[in-house]
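For reference, the chains in residue letters:
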Amino acid sequence: MSIVVAPRTAVIIEDDADVRALLAAILAQAGFDCHAVGSGDEGVDAVREHSPVLTTLDVSLPGFDGLEVARRIRSFSDTYILMLSAKDDEMDVVMGFAAGADDYVTKPFRPRELRARVEAVLRRRDSWMGPQATSAASAEDVPVPVPSPASAASAPDEEEWLDRNGLRAHPGMRLCEVDGVPVELTRSEFDLLLAIVERDRLVVSKDTLALHLRGDQPGSFVSDSDRRSVEVHLANLRRKLGDVVGHPRFIETVRGVGYRLAAPR
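Conventions and cut-offs
- Residues numbered from 1 in each chain as written.
- Predicted model: local features only at pLDDT ≥ 70, side-chain atom pairs only at ≥ 80, totals over all residues.
- Heavy atoms only, no water.
- Helix = DSSP H or I, 4+ residues; strand = E, 2+ residues; numbered from the N terminus.
- Buried < 20%, exposed > 50% of the residue type's maximum accessible area, 1.4 Å probe, protein only.
- Contact = heavy atoms within 4.5 Å.
- Pairing = 2+ DSSP bridges.
- Axes fitted to C-alpha atoms, helices over the stretch in contact; angles between N-to-C directions.

K.L.:
So what exactly am I meant to see when it comes to unusual backbone geometry here?
P.N.:
It is generally the case that most residues other than glycine have a negative phi and that most peptide bonds are trans. The omega torsion of the bond from Lys107 to Pro108 falls at -5°, within 30 degrees of zero and hence cis. One can find Pro108 in the loop between strand S5 (103–106) and helix H5 (111–129). If you check the backbone angles, Ser51 has positive phi at about 45° while not being a glycine. On the secondary structure map, Ser51 appears in the loop between helix H2 (40–50) and strand S3 (54–58). Notably, Asp179 is not glycine yet its phi reads approximately 55°, a positive angle. Overall, the relative accessible area of 51% leaves Asp179 in the exposed class.

Encoded structure:
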């Protein structure tokens, strides 16, 4: 049986026709099958219909804005959301990440920079997803089945679960549980969690985590925006895990250095 790589699908949510065409051209060059729409409600429907690997999302949209679009998408999809905005204040960036974005790019953007960020998305995707078996006779995307926590608990690869302080994470199935209760995480949140859990009590710096999210090699440039991204994603991760910063059960902040797994209680 032949094995092929699942098609790369992207949804572009952008009300400016010129920017929409530019994004479609950049993503097509990166090998994506693109579906472009001009409003928030169309964007939510497109993500639901096409299950994209990547979604580019303009903040200023007719109807409800990009922040609300991101929140709605996050209620049912873990697509990688690349948010685009002319606003570059720190609070705007933080709000974007808090709404569910994985990355934030300010307008006007350079096509090369955007392409580099897209390639980083693909490296991350390929690093954990690997080639997926699809029917060679079908031209449509075949969704990758995600095992339920119940089936994962009885699966033969039980030993692959990482168990720390009541927190369980399965790298291959990308599942997370706290005290036996499933926790839904975005791709970025799960990647950060795994990077910290796998290193146990060793401290991981913000720069290292930022490069891990981008799929870049150690020594690559890390901006203040990249570090803020890590901080916001970790804040969201802690909230979902029910982890109290002042008395952490799972993730401990080492001030001025980074983060590490909290000591067993």
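We are not done yet, so read on.
K.L.:
Where do I start with the environment of Ser229 in this structure?
P.N.:
Mapping Ser229 onto the fold places it in helix H9 (residues 224–241). Looking at Ser229, the relative accessible area reads 7%, which means it is buried. Look past the residues within four positions of Ser229 in its chain and what remains in contact with it is Phe97, Asp102 and Leu213.

K.L.:
Help me understand the sheet that holds strand S12 (residues 258–261) in this model?
P.N.:
Pairing between the strands of a sheet comes from backbone hydrogen bonds, and it takes one of two forms, parallel or antiparallel. Pairing is antiparallel across the open sheet formed by three strands, whose spatial order is S10-S12-S11. Both edges of this open sheet fall to strand S10 (204–205) and strand S11 (251–254), since each of them pairs with a single strand only. Taken together, the four bridges between S11 and S12 define a ladder with antiparallel strand orientation. Residue pairing for S12: Ile251 is matched across the bridge by Leu261. Each of S10, S11 and S12 touches helix H7 (residues 187–198); the most contacted strand, S12, lies at about 65° to it. Running at roughly 145° to S11, H9 makes contact with S11 and S12 of the sheet.

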